[in-house]
Amino acid sequence: MSKISVVPYGPQHPVLPEPVHLDLVLQDEKIVSAIPSIGFIHRGLEKLVEKRDYKEMVFVAERICGICSFGHGMGYCEAVENVMKVEVPDRAKYLRTIFQEMSRLHSHTLWLGLAADAFGYESLFMQTWRIREKILDMLEMATGGRVIFSIVDVGGLRKDVPDEMLAEFAKRLKDLREDYNRITAAFLEDDAVKSRLCGVGVLTIEQANDLGCCGPFLRASGVRRDSRMTDYEAYAKLDFEPVVSHDGDSYARCVVRIKEIYQSIDLIEQAIAQIPAGDVCTPVKGMPDGEYLARVEQPRGEALYYVKGNGTKNLERFRVRTPTFANIPGLVEVLKGQDFADVGTLILTIDPCISCTER
Amino acid sequence: MRQPIRAGEMMICEIDPDTLLDEVTKLKYSEWRLMQICATKTGEDSYEVLYTFGHGYRLRSIRLKISGEAKLSSITSIYPIAYLYENEMHDLFGIEIDMINIDFKGGLFRTGVKAPFK
Amino acid sequence: MSIGVFTKEVIYNLFHKPATEKYPFVTREYGERTRGHIENDMNACVLCGMCMMRCPSHAIKVDRNAYTWSINPFSCVQCSYCVEGCPKKCLSMKNTYTTPDTAKNTVTLKYSDERIRAEEEKKKEMIAKAMAAKKAAAEKAAAAAKTAAETPKAAAGTAGTTEKG
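What you are looking at is a predicted structure, and each value in this text was computed from that prediction instead of being measured.

Among the secondary structure elements, Asp153(A) is positioned in strand S4 (residues 152–153). With near-sequence residues (within four places) excluded, Asp153(A) lies in contact with Val58(A), Cys77(A), Glu81(A), Arg96(A) and Arg158(A).

This part is about the confidence of the model for chain C. Residues and elements named next belong to chain C. Looking at chain C as a whole, the pLDDT averages 81, with 90% of positions reaching at least 70. Predicted confidence is poor over residues 157–165, with pLDDT under 50, and the contacts of this stretch with residues over four places away or in other chains come to two contacts. Interface confidence for the predicted complex, given as ipTM, is 0.83, next to a pTM of 0.84.

The next point concerns the sheet that holds strand S8 (residues 315–321) of chain A. All names here are of chain A. As summarised here, the arrangement of the three strands in space is S6-S7-S8, forming an open sheet in which the pairing is antiparallel. Pairing within the sheet leaves two strands with one partner each, and these edge strands are strand S6 (289–298) and S8. Pairwise comparison of adjacent strand axes, ignoring direction, gives a mean angle of 10° for this sheet. Relative to strand S7 (residues 301–310), S6 runs antiparallel, the two sharing ten bridges. In the sheet register, Val296 faces S7, and the bridge partner there is Ala303. Relative to the sheet, helix H10 (residues 323–335) contacts S6, S7 and S8, its axis offset from that of S7 by approximately 130°.

Glancing now at the nonpolar core. Core analysis: the biggest nonpolar cluster contains 159 residues, and Tyr76(A), Phe318(A), Tyr51(B), Leu72(B), Tyr79(B) and Ile95(B) have the highest contact counts within it. Ignoring sequence-local partners within four residues, the contact set of Tyr51(B) consists of Leu20(B), Gln36(B), Ile37(B), Arg60(B), Ser61(B), Ile62(B), Leu64(B), Leu72(B) and Ile75(B). Formed by 20 residues, the second largest nonpolar core is a distinct cluster that contains Ile38(C), Ile60(C), Ile71(C) and Ile116(C).

This paragraph deals with the packing of H10(A) against helix H2 (residues 82–93) of chain B. Remark: H10(A) packs on H2(B), axes separated minimally by 9 Å, with the N-to-C direction vectors making an angle of 130°. Relative to H2(B), the element H10(A) lies oblique. Judged by residue contacts, Phe325(A), Ala326(A), Ile328(A) and Pro329(A) of H10(A) engage Leu84(B), Tyr85(B) and Glu88(B) from H2(B). Residues of the contact of H10(A) with H2(B), tallied by class, amount to six nonpolar, no polar and one charged.

This part is about the interface of chain B and chain A. At the interface, 36 residues of chain B touch 38 residues of chain A. Summed over both partners, the interface of chain B with chain A comes to about 3200 Å²; 60% of that surface belongs to carbon and sulfur atoms. For the chain B face of the interface with chain A, the top three residues by lost area are Tyr57(B), Arg110(B) and Phe117(B), together amounting to 22%. Residues Arg63(B) and Glu291(A) are paired through a salt bridge, measuring 2.8 Å at the closest nitrogen-oxygen approach. For the interface between chain B and chain A, the tally reads nine residue pairs in polar contact (both at pLDDT 80 or more). Where the side of chain B that touches chain A is concerned, the elements lending two or more residues are strand S2 (10–14), strand S3 (33–41), strand S4 (46–55), strand S5 (58–67) and H2 of chain B. Top contributing element to the side of chain B that touches chain A by residue count: S3(B), with eight residues. Taken together, the residues that form the side of chain B that touches chain A break down as 21 nonpolar, seven polar and eight charged.

A word on empty space enclosed by the protein. Residue and element names in this part refer to chain C. Counted by the stated rule, this structure contains eight cavities of 30 Å³ or more. The volume enclosed by the largest cavity comes to roughly 80 Å³. Around the largest cavity, the lining is made up of 14 residues, and of these Cys45, Cys48, Cys51, Cys86 and Cys90 lie nearest the centre. Considered class by class, the residues forming the lining of the largest cavity number twelve nonpolar, one polar and one charged. Looking at the second largest cavity, its volume works out to about 60 Å³. Cys55, Ile60, Cys76, Cys79 and Cys82 are the residues nearest the centre of the second largest cavity, which is lined by 13 residues in total. Residue classes in the lining of the second largest cavity are distributed as eleven nonpolar, two polar and no charged.

Residue position: Ile328(A) is located in helix H10. Beyond its immediate sequence surroundings of up to four residues, Ile328(A) is in contact with Pro36(A), Ile38(A) and Leu84(B).

This part covers the pattern of salt bridges. All names here are of chain A. Applying the stated criterion across every chain yields a total of 39 salt bridges over all chains. The partner of Lys30 in a salt bridge is Asp339, with the nearest N and O atoms 2.9 Å apart. Note that Lys30 is positioned in strand S3 (residues 30–37) and Asp339 in the loop between H10 and helix H11 (343–349), a separation of 309 residues in sequence. In this structure Asp339 comes out as partly exposed when scored by relative accessible area, which is 31%. A salt bridge links Asp226 to Arg228; the shortest N-O distance between them is 2.9 Å.

A few words now on the pairing of S5(B). Residue and element names in this part refer to chain B. Pairing geometry for S4 and S5, over ten bridges, is antiparallel. Counterpart to Ser46 in the pairing with S5 is Ser67. Where S4 folds back onto S5 in an antiparallel hairpin, the turn is made up of two residues, including Gly56, whose phi is positive at roughly 60°.

Basis of the calculations
By convention here, each chain's residues receive numbers from 1 onward along its written sequence. Just so you know, chain letters begin at A and ligand numbers begin at 1, following the order they were written in. Local features are withheld for residues below a pLDDT of 70 in this predicted model, meaning they are given only at 70 or higher, and side-chain atom pairs are given and counted only at 80 or more; totals for whole chains, interfaces and linings count all residues. Side-chain calculation: all heavy atoms of the structure are included, whereas hydrogens and water are not. The helix and strand labels rest on DSSP assignments: H or I over at least four residues marks a helix, E over at least two residues marks a strand, and numbering proceeds from the N terminus. By the convention used here, residues are in contact when the closest approach between their heavy atoms is within 4.5 Å. A residue's pLDDT is the predictor's confidence in that residue, given on a scale from 0 to 100. By the convention used here, strands pair only if DSSP detects at least 2 bridges between them. Axis definition: a line fitted to C-alpha atoms, limited for helices to the stretch in contact. Angles are taken between N-to-C directions and run from 0 to 180 degrees. In this text, buried Ala, Val, Leu, Ile, Met, Phe, Trp, Tyr and Cys residues form a nonpolar core when linked through side-chain atoms within 4.5 Å. Here the term buried applies to any residue with accessible area under 20% of the maximum for its type, exposed to any over 50%, and partly exposed to those in between, with areas from a 1.4 Å probe on protein chains only. Throughout this description, any angle smaller than 35 degrees is read as roughly parallel, any larger than 145 degrees as roughly antiparallel, any in the 65 to 115 degree range as roughly perpendicular, and the remainder as oblique. Residue classes follow a fixed rule: Ala, Val, Leu, Ile, Met, Phe, Trp, Tyr, Cys and Pro count as nonpolar, while Asp, Glu, Lys and Arg count as charged, and any other residue, Gly among them, counts as polar. The buried area of a pairing is the accessible area, by a 1.4 Å probe, that goes missing from both parts when the two are put together, added over both. Salt bridges, as used here, are contacts in which a Lys or Arg side-chain nitrogen is within 4 Å of a carboxyl oxygen on Asp or Glu. Polar contact is the term for a pair of N or O atoms within 3.5 Å; when the atoms are in protein, one must be able to donate a hydrogen and the other to accept it, and sequence-neighboring residues count only if both atoms are side-chain atoms. A cavity here means a set of 1 Å grid points, computed over protein atoms only, where a 1.4 Å probe fits but cannot escape. A pocket is an open set with protein on both sides within 12 Å along at least 5 of 7 lines, and lining residues have an atom within 4 Å of a point. Grid points are joined across faces, edges and corners, and a volume is the space filled by probe spheres set on the points.

Take a look at the structure:
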């Protein structure tokens, strides 16, 4: 006779980087269902559009999240630029692409470290984050900030990045590839790691589609959908294919993210090779009037930015649909039928970013 | 559906709140997936609700206008995952939603002020 | 078989320098673009208040009557939006970070005594000039009213309003 019990999981838990709460209904050691609840750190940043003008709002948008901050700033700017019909110079488009891919690189590296920590491989966690530090150094050199770059602006970028610096980036990326080769072998081949990831938390392709998942979580289940294919910024001119895996388990999610790391390095190298000379910012005149829904592929998945202006300096509405918000129903589905001991790893496989979700 | 408005790449169709479930069912059967639901405050006591759907890389939105007191019918019977967006809308804007499959009753976001965006 | 995948990394680490720096003995050198903290050159500042208006986190306060410019370094988000908008280019972004503190103190900068004296003089002069201009305008108006009163028939329609004004 098995017993049903409810175990509260989080918001403060050693495996969770950010506060999310789950009520887990357990039958013995197996999870029957999970009820998510969020909202511990809701900040109401969307409401700030009424107090800050549309140019100051770029800085607020960047601070939605500490990891995908560049993408949030860029998504917001893209939406406002489309409302105001501003054409961004080509060089700025390329630089934005480079910074977005660098963000993806450091976000996925951060995830690899956190995952290693979640399944108890602490030395791997440290080695992974050592690589991440090198990326952060590059970003600090170019933009002046380690995670919040404050370089994107409505109409382009606020600072140009000199060509010598880009050449230096290309050189450092070559070294990074070597570093990643050493580290990723531990994730992909180590038996201990595989035993924690293979076959755990399988999400089928139908479920992934129905539950509206996005990002690597979706692509690991075999859906070929990557918003970068919608050709915003300079992605149209770069050669790449969405990374897809068909197993749908935790291991597949790990593989997809590792492949995306190499893809990002490749994309940055392509962009550095193609980048044209010229201005990086178009002067913006007037006030936003109209609406637009921009989408950006963040490291964690597709983010939507809805902007509505009414001809004054303050926008009427700014709404962000973050990838983690869309992935929560998928997470709840994945948890069903799993062991209680795997909950920590499974929550991390969707790469939750709760600060994004609660804006 | 009435005439679509083109705003950038987004197609928006204005609909009547009573026909919401019909329109959403139609979209569901032509295999559109729900991408987001968002409310916008447009006046003292009036709101706009925007439902965005995706099909591959295409986007399509439907929009309806409601007043503060009106109850909006939930689309969770058609798209079960809409419960998060609808609870969010209820918690932030105070819009009453009828018949949600998982109703947090104002407990999804723990805000200090009730319905802060109202 | 995949036992000892990590050995390569272990061997690599044995023969390479540590990734960390011996902090108190070696301090980190920041790049020239690093956004650390804001500094203001009070000799060039004209207290226009542009930075106060632009600051997204309302960290900067400018008081023109007290001749002070103050910043709360704990509210500042180092976006350097004020630096870009400064008309006199007296604000600058330094590449060292804000130092830690036990309280959220604000940093207040004031004009030098000489400059305050000069500004006061200037202000007095301006006030005197304004007063003189006002007086002249009043006299002119009075003279106009007088001429209007002397010829009531010629400007009957406008005389009333002129007197009132």
